[in-house]
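A structural walkthrough
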Amino acid sequence: DEQYDPRAVQDKWQARWAELGPFEAAEGDDARERRYALDMFPYPSGDLHMGHAEAFAIGDVVARYWFQKGFNVLHPIGWDSFGLPAENAAIKHGTHPAEWTYANIETQAASFHRYAPSFDWSRRLHTSDPEYYRWTQWLFQRFYERGLAYRKGGQVNWCPNDQTVLANEQVVGGHCERCGALVEKRVLTQWYFKITDYADRLLDDMAQLEGKWPERVLLMQRNWIGRSTGADVDFVIEGRDEPVTVYTTRPDTLYGATFMVVAADAPLAEEVCAPGQRAAFEAYREEVSRESEIERLSTEREKTGVFLGRYAVNPVNGERIPVWASDYVLAEYGHGAIMAVPAHDQRDLDFALKFGLPVRIVVETGEADPAETGAATAGDGRIVNSGPIDGLPKAEAITRITEILAGKGLGKPAVNFRLRDWLVSRQRFWGCPIPIVHCDACGEVPVPDDQLPVTLPDNLRGADLAPKGESPLSAASDWVNVDCPKCGGLAKRDTDTMDTFVDSSWYYFRYCSPGYTGGPFDVERVREWMPVDQYTGGVEHAILHLLYSRFFTKVLHDMGMVDFTEPFTRLLNQGQVILNAKAMSKSTGNLVDLGEQIAEFGVDVVRLAMLFSGPPEDDIDWADVSPHGMSKFLSRVHRIATEVSSAPGADPSKGDPELRRVTHRTVAEATTLVESHRFNVAIARLMELVTATRKAIDSGPGAADPAVREAAETIAVVLSLFAPYTADEAWELLGRTAPVTRAGWPSADPALLVQESVTCVVQVAGKVRDRLEVAPDIGADELERLALASAKITEALAGASVQRVIVRAPKIVNIVPAR
Ligand code: ANZ
Ligand code: ZN
């Protein structure tokens, strides 16, 4: 008995597919419905790894299912090919980052060809190609014109290892997302995208994604945007003309404000500080500047601060309250100053207890006195000690006090966002140059569209690229020095490059018309293909990439270039591939090598094992999967295909009805299972069909029965979503014309889905006492009669009379005995 080796047919089918080109999306007049299946494009770091293998296997099932359904499918591939690792490799090896990048892309492309996702290779793109980044720059110019790209000085996150700034989103728990170094603060002038202008829409448009994106991704985005509503309240500062505005979500607690706190590093603290406290304040501020963000935000840490020697006046009761500076108030949120209500805010209470400041309860929650317990009470309750709002519950008090303040011109409703503008400039070489020229006479001058792209110089390599705290591009003097596009005078190019997340914010638009030279994309093509129907990729992009892409789409919408506001209709996040519960990330090293797995077992086995291991969202522990089991399954499929002896086109209705029922039930179930992304269960059903077919050949009607052919063909078509090589091989053995991809998804005959019998559970007082095989359409009366006639039920009743019988035909009968 010869074992089928799935590796043996790979080369044969790769060549055939290259010839047949079954995966190209059709443009122009094509009556078929369109579908856009998108996978998060890879970064070319070395060869493909197990994580890629999982993600692309999942995305491929979706695309191949759509091909089988007869849709016109767009399933493109490209590379996110700018970025630091290429630059670091170039520094290490004395080369140009392009060498490393494009060599890795070729390696990955070859691996992809072997792995056989159903890509339309004709649309391939690389974000580091000048013909791509020309349009990244073009989009930058449009953002600039709309005031959405701007430069400002200020404190930024600085990675001392990568020697470049980082966006807030790239700082994870105070560390550089990429290299793990502790992030520092620096004051620098940088380019920003004004994503905050879109904060409301980024939040509100999530209504479109509800139920279609994973709930946790929506939650992460919501928290990241962090919309908070409350009020701005003005406090007069004694000895200062201008009042200080504070932002509060709890204006109902205004009568409980016993001090004010200003962020120690905000200019306001410096301005407000009285001369007598200056020395103490400056010493404190120095201390704060050395702290990391995590330290500052930690709730565990003991509170620190300094009195600024001034008093503020509470606008509602005229009370004088001291003004302090502390690090627990952030300079960049709200107004960088707060009214402290220690009774009802934990941070304020910690501070008050540390520095002996008064605690006044203004909301009666029924809990113990915070000054004694050290626990602030944040719940709802009646307002007390608060003049005109006494007795009101929280929500009403908030409305009422805000009205009172507004009436006196001392406050107004306010909204704040946690979201900050997106810092897009990087002091690194291997990125898209910022298309701006700095001229002494004209200031910032955008490079005109007809002079794009501003290409990277190709004479920098190796040590020239080493991080120096400023962009390596500034060393390329012949590149830097240019004529001002406006006045013709001497000017200098901006030497920063863009965050690579800018490149990846719009690549999926480019796929719709990859060679297009009239703009970043052909508006007509995008209208036809987009939004993306299904986006597949890692949950590590839950915030950054997805938020930026949503932002870009809204800007393009406002520019009139697209007619939708959300780019990705559905999102699927696959789990990680792990080994013995260790994640196969860059830091732990790839513990299992994809190339070795493929060499040992073949592509089909690796893909099947990935998909069969569990729901796509779950992590896969490679220690638990069974490639040998998958291999055996494929052998069984192959063997069936070699044995079927009826001719193609044999009338299945003449075949064995029992096997036909299994086949059609498999089709019906596989359809729903694939559509709901339960691929592992779909594969399990397919395995059952294989078993039933084997049985029909060996001990049933035999290999010549038309129902056996029908089953074998169904197996090949369904298998084509998961194990494409074996599926085409089987299809050919069955005398059919390749490729199986375009065979068409079978439809289930409803007449064959009717079950012959179902199992009815009979309970007495809630306990299962008997099981009956009954017709699926049995009536309630008939079912009750059968249940009561059962010997087991009579025994269970033990002579008790029946009080009530509840019948849910055909599945449950519950008998309630009298007591
Ligand atoms: C008084 C108060 C009483 C507050 C109370 C809370 C509870 P979110 O929800 O995050 O918007 N706050 C305002 N600006 C701040 C800053 N720059 N740094 C640190 N904290 C700041 O939180 C808003 C609340 O956080 C505001 O409401 C303010 O404290 C504080 F029982 O004002 B609250
Ligand atoms: Zn000029």
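Residues numbered from 1 in each chain as written. Chains lettered and ligands numbered in written order. Predicted model: local features only at pLDDT ≥ 70, side-chain atom pairs only at ≥ 80, totals over all residues. Heavy atoms only, no water.

1. Comments concerning helix H20 (residues 603-612)
We apply this condition: Exposure classes here rest on a 1.4 Å probe applied to the protein chains alone. A residue is buried below 20% of its type maximum, exposed above 50%, and partly exposed in between. A run of H or I in DSSP becomes a helix once it reaches four residues, and a run of E becomes a strand once it reaches two; helices and strands are each numbered from the N terminus.
Counting buried positions along H20 gives 9 out of 10 residues, so the element sits mostly inside the fold. What H20 keeps buried is the set Val 603, Asp 604, Val 605, Val 606, Arg 607, Leu 608, Ala 609, Met 610 and Leu 611.

2. As for a negative patch on the surface
As a reminder of what qualifies: Note that patches include only residues with greater than 30% relative accessible area and no salt bridge, and the join distances are 9 Å for like charges and 5 Å for nonpolar side chains (Val, Leu, Ile, Met, Phe, Trp, Tyr). Note on areas: these come from Shrake-Rupley sampling with a 1.4 Å probe, and a residue is covered only by the protein chains present in the view. Salt bridges are defined as contacts in which a side-chain nitrogen from Lys or Arg sits within 4 Å of a carboxyl oxygen from Asp or Glu. Positive: Lys, Arg. Negative: Asp, Glu. His and the chain ends are not part of the count. Throughout, a charge is located at the NZ atom of Lys, the CZ atom of Arg, the CG atom of Asp or the CD atom of Glu.
Residues Asp 47, Asp 593, Glu 596 and Glu 600 make up a contiguous surface patch of negative charge. Among the secondary structure elements, Glu 596 is positioned in helix H19 (residues 594-601).

3. Looking at the pairing of strand E10 (residues 227-237)
Rules: Pairing between strands is defined by DSSP: at least two bridges between them are needed.
As paired strands, E10 and strand E18 (residues 411-417) are joined by 7 bridges and run antiparallel to one another. The residue bridging Ser 228 from the neighbouring strand is Asn 416, located in E18. Where E10 meets strand E11 (residues 244-248), 5 bridges bridge the pair, whose relative direction is antiparallel. When the bridges of E11 are listed, Ala 231 appears paired with Thr 248. Hairpin connection between E10 and E11: a loop of 6 residues separates the two successive antiparallel strands, and Gly 239 in this loop has a positive phi of roughly 80°. Where E10 and strand E13 (residues 305-313) come together, 2 bridges link them in antiparallel fashion. What sits directly across from Ile 237, in E13, is Ala 312.

4. Description of empty space enclosed by the protein
What counts is decided by this rule: A pocket here means an open set of points on a 1 Å grid, computed over the protein atoms alone, that has protein on both sides within 12 Å along at least five of seven lines. A cavity is instead a set of points where a 1.4 Å probe fits but cannot get out; residues with an atom within 4 Å of a point line either one. Grid points are joined across faces, edges and corners, and a volume is the space filled by probe spheres set on the points. Under the grouping applied here, Gly and all other residues not named as nonpolar or charged are polar, the nonpolar ones being Ala, Val, Leu, Ile, Met, Phe, Trp, Tyr, Cys and Pro and the charged ones Asp, Glu, Lys and Arg.
Using the criterion set out here, one finds 2 cavities of 30 Å³ or more in the structure. The calculated volume of the largest cavity comes to roughly 50 Å³. Around the largest cavity sit Glu 54, Ile 58, Met 610, Leu 611, Ser 613, Gly 614, Pro 615, Pro 616, Ile 620 and Phe 679, which together line it. For the lining of the largest cavity, the secondary structure elements donating two or more residues are helix H2 (50-68) and H20. For the lining of the largest cavity, a count of residues per class yields 7 nonpolar, 2 polar and 1 charged. When its volume is computed, the second largest cavity comes out at roughly 40 Å³. Along the walls of the second largest cavity sit Val 637, Ile 640, Ala 641, Ala 712, Ile 715, Ala 730 and Leu 734, which together make up its complete lining. Within the residue set of the lining of the second largest cavity, elements represented by two or more residues are helix H21 (627-643) and helix H24 (706-719). It is H21 that provides the largest number of residues to the lining of the second largest cavity, a total of 3 residues. Residues belonging to the lining of the second largest cavity are distributed by class as follows: 7 nonpolar, no polar and no charged.

5. Remarks on the sheet that holds strand E2 (residues 72-74)
Rules: Comment: axis = line fitted to C-alpha atoms, over the contacting stretch for helices; angle = value between 0 and 180 degrees taken between N-to-C directions.
Overall, parallel pairing links the 4 strands, which are arranged E2-E1-E26-E27 in an open sheet. Where the open sheet ends on each side, the last strands, each with one partner, are E2 and strand E27 (571-574). Strand after strand, the sheet turns through a mean of 20° between neighbouring axes, direction not considered. Pairing between strand E26 (residues 534-538) and E27: 4 bridges, direction parallel.

6. So, the site of ligand 1
The criterion, for reference: Being near a molecule or strand, for a residue, comes down to having at least one heavy atom within 4 Å of it. Counting of polar contacts relies on pairs of N or O atoms within 3.5 Å, with two restrictions inside protein: one atom must be capable of donating a hydrogen and the other of accepting it, and residues adjacent in sequence are counted only when both atoms are side-chain atoms.
Surrounding ligand 1, one finds 16 residues, the nearest of these being Ser 228, Thr 248, Leu 330, Tyr 333 and His 344. At 2.6 Å from an oxygen atom of ligand 1 is found a side-chain nitrogen or oxygen belonging to Ser 228. Between ligand 1 and Thr 248 there is a distance of 2.7 Å, counted from an oxygen atom to a side-chain nitrogen or oxygen. Every element with two or more residues in the shell around ligand 1 is listed here: E11 and strand E15 (337-340). Taken together, the residues of the shell around ligand 1 sort by class into 8 nonpolar, 5 polar and 3 charged.

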